[in-house]
Amino acid sequence: MAAEFAPKVIFEHDGVFIHPSAEDGEQDLLISGSLRILDKDAEMVVEFRPLEDAVDPSNMLCAGKDSSSVVEWVQSPQERNQHLESQQSYETEWDMVNAVSFKKKPCPNGDGPLNHSHERSRWAFSVSISDLRSITVKDEGWTFLILQLKESSTPLPPLHFHQGGSREFLDNLRRFALLTESADDGSCLLVSTPNKALSQSFENLLEDNLGVIHKFRQDPYVATLGSFSKVTNYIYDALRGAEEQQQRPPEEVAELLGEVIPGLEINQQEEPGFEVITRTDLGQRPQVSRWEPLSAEDWTNQLDAEGRVLDVAHVKHAVFKGGLCHAVRKEVWKCLLGYSPWSSTLEERKLLQRNKTDEYFRMKLQWKSVSEEQERRNSRLRDYRSLIEKDVNRTDRTNRFYEGIDNPGLALLHDILMTYCMYDFDLGYVQGMSDLLSPILYVMENEVDAFWCFVSVMDQMHQNFEEQMQGMKTQLIQLGTLLRLLDPTFWNYLEVQESGYLYFCFRWLLIRFKREFSFQDVLRLWEVLWTGLPCQNFHLLVCCAILDSEKQKIMEENFGFNEILKHINELSMKLDIEEILQKAEGLFLQMKNCKDLPRSVNTILGLQEQCRESDSSDSGSTVTHRPADRREACSNGHTGHSSQ
């Protein structure tokens, strides 16, 4: 499968050198090459390629997973002819490292068959990031790195960065692996890849030959939850090995988990560019209160005579703290989602809507004008239409806005989703999108406005629905980072129960808790998240808040993997949105007030500098807020509609 897709270049840096030693017989040469990090069908690979000569596919320096030393891989002529036709993706000689059978023979002291006519090509290597044990950072006027493999006693040739670039390489590597300073050697960075089993398990779910990819693209969360047994077995295999079905030795497990130390303090080192890891005291969690929703009167008071918003920051903060009364949701949501500029006048917004209406119906006409004969020759459009029709008929049907036969709301859902396929035909329609559109259409009560607000939401969540699911993988890893810091005891418990990959949070993240809260609570949660306050990725802190509320039960009753999954799924429609939002804000303030917040957490939350100013939005407000029970503070609109 990997041979069918061209690798994606994540990082590339020319002018990286290998210095052959006297033992190699080339001590007077400098081997100049290009160092790259590649995404080869969800496997992250580090490659070094000499620049002057092509790599000889019949003889390549590589570290095999079962090798105990650096060896020379020699491909037999019979094997070479057998596989050449299938290796047509991105420079056949590089693919052969992983895709062709090899026989190996030792190369003592660099002598023997390695000394062929292509003197430089033998220095090429390609290795998966998950096979790296450590990276040693040295300095002798310039920085050079020594990459050590997990199952090889001999390191790869040192990589010398004469013209800089080592820091950028390590920074890009940190996107896919955790680099922590060795306790025994300050210049040695230990490499751990907690996302390896995650990537492999997603790839396992997406295998075409298992017939899962089609189901996964149609219904990611159902397919994921329905395939948990496969994922679990795959993770077990990754942790235990495919051949030996017992757990790894305790010291190896301790090494893998010990590299991820709960409660981290990360200080940027100036020259080698690695991170020093120490424990962090987060201090007490502040108590926070919620406000009443922003009322129609409050919103009107925030507009000038021409309809411009006077104080955008204040409005956003008021929405974050209390949400909105339904009467103003239609207008404020347009601003929160960027459909209507905050600075626009009422007349400008009307003109914008007219222009957007024309644009929308031009796209709608594209699929409306496709004849049945044309559609028979367009399999993708047929598939999109079939999926949409299937999903629309089961989306929020207990809500009066969508209930009943021939409901006009269902027709609008269908048409908006079909038009979105014209707007973004590459992505098209993936199941779950109807869940995101339904509340928006419910609030907007207008096809055009709902479409453009939906476009804004999809712009934010596009990666959740892409085939590689990179957005989902990244969020699960980031969520794990936050949990390790906030509650190392609970995190360690999840690790022991083989739940550290947090698959039970998959549906939460995919469709932003749409199936976890009541319909009206989802409206409240989404408008809070759309403010962008108080930090980036606040939805991850919402996840942390839910888990914080459930951790005691999970740990006291000693839930295992299956019990944890079952318990989390059964929380649907039982969660208190105000309690969760209050706790999530408290978690944010607890981390914000920490003097030495880890850099990784700073990056996730977007806190590049520690801001220790008190929350000034409670003072100077022109809107009166009362921290009372707000459940019935104002009408949610659509009287008599079910909350589901």
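Thresholds applied
Residues numbered from 1 in each chain as written. Predicted model: local features only at pLDDT ≥ 70, side-chain atom pairs only at ≥ 80, totals over all residues. Heavy atoms only, no water. UniProt positions renumbered as here; feature names shortened; annotations may be inferred. Axes fitted to C-alpha atoms, helices over the stretch in contact; angles between N-to-C directions. Helix = DSSP H or I, 4+ residues; strand = E, 2+ residues; numbered from the N terminus. Parallel < 35°, antiparallel > 145°, perpendicular 65-115°, else oblique. Left-handed = near helix turned anticlockwise from the far one by under 90°. Contact = heavy atoms within 4.5 Å. Nonpolar A, V, L, I, M, F, W, Y, C, P; charged D, E, K, R; others polar. Phe/Tyr/Trp six-rings, centres within 6.5 Å; stacked < 30°, edge-to-face > 60°. Buried < 20%, exposed > 50% of the residue type's maximum accessible area, 1.4 Å probe, protein only. Lys NZ or Arg CZ within 6 Å of the ring centre and 35° of its normal. Salt bridge = Lys/Arg side-chain N within 4 Å of Asp/Glu carboxyl O. Core = buried A, V, L, I, M, F, W, Y, C linked by side-chain atoms within 4.5 Å.

Looking at an unreviewed UniProt entry, one finds the chain named TBC1 domain family member 15 and attributed to Oryzias sinensis. Here the chain is described in UniProt, under the heading Subcellular location (unreviewed entry), as follows: "Cytoplasm".

As a further point, take the packing of helix 14 (residues 379–392) against helix 15 (residues 408–423). In contact at an axis separation of 10 Å, helix 14 and helix 15 are set at 150 degrees when each is read in the N-to-C sense. By the angle between their axes, helix 14 is roughly antiparallel relative to helix 15. Here the hand of the crossing between helix 14 and helix 15 comes out right-handed. On helix 15, the residues touching Leu 381, Tyr 384, Arg 385, Ile 388, Glu 389 and Val 392 of helix 14 are Leu 410, Leu 413, His 414, Leu 417, Met 418, Cys 421 and Met 422. Among the residues making up the contact of helix 14 with helix 15, the classes are represented as ten nonpolar, one polar and two charged.

As a further point, take the packing of aromatic side chains. What the rule picks out here adds up to 20 aromatic pairs. With a centroid separation of 5.1 Å and 80 degrees between ring planes, the pair formed by Tyr 360 and Phe 361 is classed as edge-to-face. Residue class for Phe 361 comes out partly exposed when judged on its relative accessible area of 39%. Judged by centre distance (5.6 Å) and plane angle (80 degrees), the ring pair of Phe 401 and Tyr 442 falls under edge-to-face. Of this pair, Phe 401 sits in the loop between helix 14 and helix 15 while Tyr 442 is found in helix 16 (residues 433–444), placing the two residues 41 residues apart along the sequence. Classification of Phe 401 by relative accessible area gives buried; the value is 16%. Among the aromatic residues, those joined into a ring-pair cluster are Tyr 360, Phe 361, Tyr 420, Tyr 423, Phe 451, Trp 452 and Phe 454. In this structure, Arg 484 packs its charged tip against the face of Trp 491, placed 5.3 Å from the ring centre.

For the rest of this paragraph, the subject is the environment of Glu 331. You can see Glu 331 is positioned in helix 11 (residues 326–336). Assessed through its relative accessible area of 33%, Glu 331 is described here as partly exposed. Considered as a pair, Glu 331 and Met 444 are 113 residues apart in the sequence and their alpha carbons are 8.5 Å apart. Excluding residues that lie within four positions of it along the chain, Glu 331 makes contacts with Trp 299 and Arg 349.

Per the stated rule, a full pass over the model turns up 30 salt bridges. Put simply, Glu 578 and Arg 290 hold a salt bridge, and the shortest N to O gap is 3.0 Å. Taken as a pair, Glu 578 in helix 24 (residues 577–592) and Arg 290 in the loop between strand 14 (275–278) and helix 9 (296–301) lie far apart in primary sequence, 288 residues in all. On the basis of relative accessible area, Glu 578 is assigned to the buried category, the value being 13%. The closest approach of N and O atoms between Arg 308 and Asp 304, which form a salt bridge, is 3.4 Å. Residue classification places Arg 308 among the partly exposed positions, given a relative accessible area of 30%. With a relative accessible area of 25%, Asp 304 lands in the partly exposed category. Through salt bridges that share partners, Arg 285, Asp 487, Asp 548, Lys 551 and Lys 583 make up one connected network.

Turning next to the packing of helix 15 against helix 16. Where helix 15 meets helix 16, the closest approach of the two axes is 10 Å, and the angle between their N-to-C directions is 125 degrees. Classified by the interaxial angle, the pair formed by helix 15 and helix 16 is oblique. Along this stretch, helix 15 crosses helix 16, giving a crossing that reads as right-handed. Contacts between helix 15 and helix 16 involve Gly 409, Leu 412, Leu 413, Ile 416 and Leu 417 from the first element and Met 433, Ser 434, Leu 437, Ser 438 and Leu 441 from the second. In terms of residue class, the contact of helix 15 with helix 16 is made up of seven nonpolar, three polar and no charged.

Turning next to the nonpolar core. Phe 538, Val 542 and Met 591 are the most contacted members of the largest nonpolar core, which totals 118 residues. Ile 31, Leu 35, Phe 125 and Leu 132 belong to the second largest nonpolar core, which has 31 residues in total.

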